[in-house]
Amino acid sequence: MRVRSIGFSTTLCTYLQTPRNLHLSLSTRRYSHSDMSVVNKSVHPFDKSRLDALLNRRFFYAPAFEIYGGVAGLYDYGPPGSSLQANIMAEWRKHFIIEDHMLELDTTIMTPAPVFETSGHVARFADWMVKDTKTGDVLRADHLVKNVLEARLAGDREARGLAAQPKDDEKDKKRKKKAKTVVVQLSDELVKEFESILAQLDNYSGPEIGELCRKYDIRNPDTDNEVGEPQQFNLMFASSIGPTGQHPGYLRPETAQGHFLNFSRLLEFNNGRVPFASAQIGRSFRNEISPRAGLLRVREFTMGEIEHFVDPEDKSHEKFREVRDTVLSLLDRHVQVSGSTQVTQMTIGEAVDKSIVANETLGYFLVRIHLFLIKIGINPKRLRFRQHMANEMAHYAADCWDAEIENATGWTECVGCADRAAYDLSVHSARTGQPLVVRQALKDPIITEKEVPEFNKKVVGKTYGRDAGLLQKAVNEMNESQLTKLKGELAQGQATISAEGKEFAITSDLLTIERKTFKQSIREFTPNVIEPSFGFGRILYTLLEHSFWCREQDVERGVLSLPPVVAPTKVLIVPLSAKEEFNPLVQEVSTKLRKAGIFSRVDDSNTSIGKRYARNDELGTPFGVTLDFASVQNRTMTLRERDTTDQLIGPIDDVITVLTELVQGTIDWPAACNRLPAYDGVQAVD
């Protein structure tokens, strides 16, 4: 007898009509590559409204305090969103902290004001904003220019018949508040102007953005009112420490300062040697001007930051040879300043050799960032590295590249990789008087000779009184050539020194200058810092966009093709029946998967198997196993792959072994198909 047991159209009542006490005979046919289902993920164009509906329905994330009306820029993660973010962070730890032997930190969020005053954040951590001249609504200036010019270019393309403007649903329009697209053809010259402005928009200063608003009549798209002159707005959340309010503080906008303030302890932990890297995952806060882009622009978020401390005279990296042939998509500052956004495909070795990327350590981390993003599921064709232009460079950075990921809103910075030079350690050391330096024993001592001034302090004090200090300061600040010249003048009898409008006549009785030999056995220097900085919320959202598609046969059936390494649930266990005889087997499979380190979930609801699988396709679950009456009798189960929906079958332990390797990434689905027989939905029963 041949019975259909677990195809998508199968219902439990149909299955229960089949004999249960019969022997199962498994087919041994294996999948060939030609047998495997071909999946067309692009047959339906990407529909953001469908993705948003799925993420809301399955509670990946939602606006915080929603029943109170919500607060812009604040979001809560639901069970699948929390698991997805945790898995991304776990992979980040493996990829960076473990593989590169980094030192992990966990530093405080609340930070005393003097720390950020010293770091420059109080004075310079700001964005430009403009106000609607009538309503007082506040908009981020560069985003306003970007949205309006992009809308005008979209209207021009539609007027020329080059592209149709997609229609957003009304709810989406209200939430995004984007500039309205008006179908008007622009002159070719104006199109080029707009494209050039957009290519280098991040390079404009506040006054220059104001000039753009006036020149091109850029208004608030919500009201069509004019906007005022751009003003700087500091993005840090101010607070106070203690009950009196006498100790001002801030919620940190980045985790980096915790690394720098603990540098001496980290250096000692690393036996006084550089290079080394510290790493931290933690919450940060930025009071965004107008957060309207979901997880891409929020006020509270989780960051992962690495501070790689390196000798400023040697920014090579011992592992650079391993990555130098990796090809990246690079958009350097010179291309942007010329008004273009054309990327160049180039090996990182060539980019460093040509000084497009400043040094090997910076290049090494660009490749490591690239590999991490690809591993967790980002589409490499929608990933580029863009170099910061002069005006957009952070106040602490000597060079900076952003890993930008393309999504429905355009290109979004998800990772920044900056060469912060010695800025942070230098300013904190100067403010506190604590030496944040490396003392390195030299293999070969350095022998130097130099002129050394020595005052007869008793005579100088008696001769010049209170001005003695002024004279000594002036001499001590002289360079080698000035001291040599002064030494010659003293040998002639007398020399005259000017300092702050006063003149001092000195002789060899007051000052002698001798040439001395110095032996330097210790080199003291302030290390430079290379800093990769990750925004996990942005990475998570762009990953969801890149993973989403709809079944060719049914656009209503959405799928998230999340890689097993980050998928919230790795395996769905589907018992065909709720009868008690299934319980021990379900428990056994669940326990074995758990012991193998695989997170699984049992779906024993009374809906059809097809609906249960479809529901978990939306959650990104890559694999499913079905336990039926043949499983109870013969200890077999089927294994389903999410994207193709192809199924394999085999003994329970064999399936679990294959599943473990699939989840761990040691084999892929084609390899699994060579390990287990194909299952076509029909089982032979005697």
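Just so it is clear, the structure is predicted and the values come from calculations on it, not from any experiment.

Caption draft 1: Quick look at the overall build of the protein. Counting its regular elements, the protein contains 25 helices and 32 strands. Summarising its shape, the C-alpha atoms of the protein cover approximately 120 × 65 × 55 Å along the three principal directions. For the protein, with 686 residues in total, the buried portion stands at 48%. Within the protein, residue pairs in contact and separated by at least 24 positions form 72% of the contacts whose partners lie at least 6 positions apart. Surface summary for the protein: the accessible area is close to 33,600 Å², and the carbon and sulfur share equals 49%.

Caption draft 2: Structural context of a nonpolar patch on the surface. There is a patch of nonpolar side chains on the surface, built from Phe65, Ile67, Tyr68 and Val71 and spanning about 550 Å² of accessible area. Note that Ile67 resides in the loop between strand 3 (61-63) and strand 4 (75-77). With relative accessibility at 81%, the residue Ile67 sits in the exposed group.

Caption draft 3: Fine view of the sheet that holds strand 31 (residues 678-679). Judged by pairing direction, the sheet is mixed, and its six strands sit side by side in the order 27-26-28-29-30-31 without closing on themselves. If you trace the sheet from one side to the other, it starts and ends with strand 27 (600-602) and strand 31, each paired once. In the sheet, strand 26 (residues 571-575) pairs with strand 28 (residues 623-627) via five bridges, with the strands oriented parallel. Looking across to strand 28, one finds that Ile573 is bridged to Val625. Relative to the sheet, helix 22 (residues 609-617) contacts strand 26, strand 27, strand 28 and strand 29 (636-641), its axis offset from that of strand 26 by approximately 165°. Of the strands in this sheet, strand 26, strand 28, strand 29 and strand 30 (647-651) are in contact with helix 24 (residues 652-664), which crosses strand 29 at around 25°.

Caption draft 4: Representation of unusual backbone geometry in the model. With an omega dihedral of 5°, the bond running from Val274 to Pro275 counts as a cis peptide bond. By the element assignment, Pro275 lies in the loop between helix 11 (263-269) and strand 12 (276-285). The backbone of Phe65 sits at a positive phi, close to 55°, despite the residue not being glycine. Its place among the elements puts Phe65 in the loop between strand 3 and strand 4.

Caption draft 5: Spatial organisation of the sheet that holds strand 11 (residues 247-251). Spatial strand order, 6-11-10: three strands in an open sheet with antiparallel pairing. Pairing within the sheet leaves two strands with one partner each, and these edge strands are strand 6 (110-112) and strand 10 (237-241). On average, adjacent strands in this sheet sit at an angle of 40° to one another, irrespective of strand direction. Two elements, strand 6 and strand 11, share three bridges in a ladder whose sense is antiparallel.

Caption draft 6: Fine view of the confidence of the model for the protein. Here the protein averages 89 in pLDDT, while 92% of its residues score no lower than 70. Note that residues 1-27 has pLDDT below 50 and, in this model, 69 contacts with residues that lie over four places away or in other chains. The low-confidence segment residues 165-177 (pLDDT under 50) makes 16 contacts with residues lying over four places distant or belonging to another chain.

Caption draft 7: A look at the pattern of salt bridges. Per the stated rule, a full pass over the model turns up 55 salt bridges. A salt bridge links Arg140 to Asp127, with the shortest nitrogen-to-oxygen separation between them at 3.1 Å. Here the residue Arg140 occupies a position in strand 8 (residues 138-140), and Asp127 occupies one in strand 7 (residues 126-131), the gap between them amounting to 13 residues. Residue Asp127 is classed as buried on the basis of its relative accessible area, which comes to 15%. The partner of Lys146 in a salt bridge is Glu150, and the shortest N-O contact between them spans 3.3 Å. Of this pair, Lys146 and Glu150 both sit in helix 6 (residues 141-159), four residues apart, roughly one helical turn. Several salt bridges share partner residues, and in doing so they unite Asp202, Arg384, Arg386, Glu392, Asp402 and Glu404 into one network.

Caption draft 8: Quick look at the packing of aromatic side chains. Considering all chains together, one arrives at 19 aromatic pairs under this definition. Judged by centre distance (5.8 Å) and plane angle (85°), the rings of Tyr61 and Tyr75 are edge-to-face. One end of the pair, Tyr61, is in strand 3; the other, Tyr75, is in strand 4, with 14 residues separating them in the sequence. For Tyr75, a relative accessible area of 25% translates into the label partly exposed. Taken together, a centroid distance of 6.0 Å and an interplanar angle of 90° make the contact between Phe372 and Phe534 edge-to-face. Taken together, the residues Phe372 in helix 15 (residues 360-375) and Phe534 in strand 23 (residues 528-535) connect sequence positions 162 residues apart.

Caption draft 9: Up close: helix 2 (residues 48-57). Residues of helix 2 that are buried: Lys48, Leu51, Asp52, Leu54 and Leu55. Buried residues along helix 2 cover an arc of 160° about the axis, so they all sit on one side.

Caption draft 10: How the structure looks around the pairing of strand 7. Where strand 7 lies against strand 9 (residues 231-234), four bridges are found, and the strand directions are antiparallel. Bridge pairing links Asp127 to Phe233 in strand 9. A loop of six residues connects strand 7 with strand 8, the two strands running antiparallel in sequence, and Gly136 in this loop sits at a positive phi of about 80°.

About the criteria used
Residues numbered from 1 in each chain as written. Predicted model: local features only at pLDDT ≥ 70, side-chain atom pairs only at ≥ 80, totals over all residues. Heavy atoms only, no water. Helix = DSSP H or I, 4+ residues; strand = E, 2+ residues; numbered from the N terminus. Buried < 20%, exposed > 50% of the residue type's maximum accessible area, 1.4 Å probe, protein only. Contact = heavy atoms within 4.5 Å. Areas by Shrake-Rupley, 256 points an atom, 1.4 Å probe, with all protein chains shown as cover. Patch = residues over 30% accessible without salt bridge, like charges linked within 9 Å, V, L, I, M, F, W, Y side chains within 5 Å. Salt bridge = Lys/Arg side-chain N within 4 Å of Asp/Glu carboxyl O. Pairing = 2+ DSSP bridges. Axes fitted to C-alpha atoms, helices over the stretch in contact; angles between N-to-C directions. pLDDT = per-residue confidence, 0-100. Phe/Tyr/Trp six-rings, centres within 6.5 Å; stacked < 30°, edge-to-face > 60°. Arc of directions from axis to C-beta.

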